[in-house]
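# Notes for the structure review
Listed below, chain by chain, are the residues.
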Amino acid sequence: MTEKTLTGLDDLAPLAVRVLDELKSRDKMIATAESCTGGLVSGTLTEIAGSSAVVDRGFVTYSNEAKTELLGIPAGLISTKGAVSKEVAVAMAEGALTRSRADIAVSVTGIAGPGGGSQEKPVGTVHIAIATRDGSTQHLHCWFADRGRQAIRLETVQTALTSVLNSLDSESTY
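Let me begin by describing the structure that accompanies this report. (Residues numbered from 1 in each chain as written. Predicted model: local features only at pLDDT ≥ 70, side-chain atom pairs only at ≥ 80, totals over all residues. Heavy atoms only, no water.)

## Regarding the side chain of E155
Mapped onto the elements of the fold, E155 is located in helix α6 (residues 149-170). Of note is the side chain of E155, whose polar atom sits 3.1 Å from the side chain of R147. (Helix = DSSP H or I, 4+ residues; strand = E, 2+ residues; numbered from the N terminus. Polar contact = N/O pair within 3.5 Å; in protein donor to acceptor, adjacent residues only side chain to side chain.)

Written out as structure tokens, the structure is:
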């Protein structure tokens, strides 16, 4: 995160515009699969007029049951690895891609607090994954400072959108 502290979703609008413009220029669509952000990634994108040209759909899969029912994640994977894990984040992104018309999908799962953390997975632990139709999936494991639930969620949105841009920039054949 930059030194500027995010105060709200409005601060993320320029980043969302960049993501949308990059997707439009490539004639690509995006899907989101969100847990700890509860739809903020999708909401940040769809706040921008014209986003319907590239935003296919968003899955808010806050509960483990929703992850299984909507994204096809095996319940056994969640019980063995935990909902906040690399494996589940990857499965969420790949599930969103499979269940949409999108060319790229971003997923987020984490612990925004104030409770729910552990020594192994403290508040601020977030996993982000990006899956693309070319079969590649990238994962990012983040540890955000516990500066409160809103700050963690906003940093997650910023990092997820930045990761989408980085993925688009790194794939010249995608």
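More follows now that the structure is in view.
## Concerning the pairing of strand β4 (residues 125-132)
In terms of residue burial, β4 counts as a mostly covered element, since eight of its eight residues are buried. As paired strands, strand β3 (residues 104-110) and β4 are joined by seven bridges and run antiparallel to one another. Following the sheet pairing, S107 is matched in β4 by A129. Relative to strand β5 (residues 137-143), β4 is paired through seven bridges, and the arrangement is antiparallel. (Buried < 20%, exposed > 50% of the residue type's maximum accessible area, 1.4 Å probe, protein only. Pairing = 2+ DSSP bridges.)

## Quick notes on unusual backbone geometry
Going from G113 to P114, the amide bond is cis rather than trans, its omega being 5°. Structurally, P114 can be placed in the loop between β3 and β4. Positive phi is not limited to glycine here, since D27 has a value of about 55°. For D27, the position within the fold is in the loop between α1 (13-25) and β1 (30-34). With a relative accessible area of 69%, D27 lands in the exposed category.

## Structural notes on the packing of α1 against α6
Across the interface, α1 lies against α6 with an axial gap of 10 Å and an inter-helix angle of 30°. One finds that α1 runs roughly parallel with respect to α6. Here α1 and α6 pass one another in a crossing that is left-handed. Where α1 abuts α6, its residues L15, A16, R18, V19, E22 and L23 lie against Q158, L161, T162, V164, L165, L168 and D169. (Axes fitted to C-alpha atoms, helices over the stretch in contact; angles between N-to-C directions. Parallel < 35°, antiparallel > 145°, perpendicular 65-115°, else oblique. Left-handed = near helix turned anticlockwise from the far one by under 90°. Contact = heavy atoms within 4.5 Å.)

## Notes on the pattern of salt bridges
Scanning all chains against the criterion turns up four salt bridges. For the salt bridge of R101 with D56, the shortest nitrogen-to-oxygen distance reads 3.1 Å. With R101 in the loop between α5 (86-98) and β3 and D56 in strand β2 (residues 55-60), this pair connects stretches of sequence that are 45 residues apart. Classification of D56 as buried rests on a relative accessible area of 15%. Across the salt bridge formed by E155 and R147, the nearest N and O atoms sit 3.1 Å from each other. Judged by relative accessible area, which is 7%, E155 ranks as buried. Within the structure, one salt-bridge network assembled from shared partners comprises D56, R57 and R101. (Salt bridge = Lys/Arg side-chain N within 4 Å of Asp/Glu carboxyl O.)

## Remarks on the nonpolar core
By size, the foremost hydrophobic cluster in this structure holds 33 residues, and its most contacted members are I30, L45, V106, L161 and V164. Contributions of two or more residues to this core are made by α1, α2 (40-46), β3, β4 and α6. Here this core gets eight residues from one element, more than from any other, and that element is α6. When near neighbours in sequence (up to four residues on either side) are disregarded, V106 contacts I30, A31, T32, A33, V41, I128, A129, I130, A160 and V164. In terms of nonpolar packing, the next biggest core, distinct from the first, is built from 19 residues, A93, A96, L97 and A105 among them. (Core = buried A, V, L, I, M, F, W, Y, C linked by side-chain atoms within 4.5 Å.)

## Digging into the sheet that holds β2
The pairing of strands in a sheet comes from backbone hydrogen bonds and takes either a parallel or an antiparallel form. The sheet built from five strands is open, its strands ordered β2-β1-β3-β4-β5 with mixed pairing. Strands at the two margins of the open sheet, each flanked by one partner only, are β2 and β5. Mean inter-strand twist for the sheet, computed between neighbouring axes without regard to direction, equals 10°. As paired elements, β1 and β3 share five bridges and run parallel to each other. The residue bridging A31 from the neighbouring strand is A105, located in β3. Docked against the sheet, α5 engages β1, β2, β3, β4 and β5, running at close to 35° with respect to β4. Running at roughly 30° to β4, α6 makes contact with β1, β3, β4 and β5 of the sheet.

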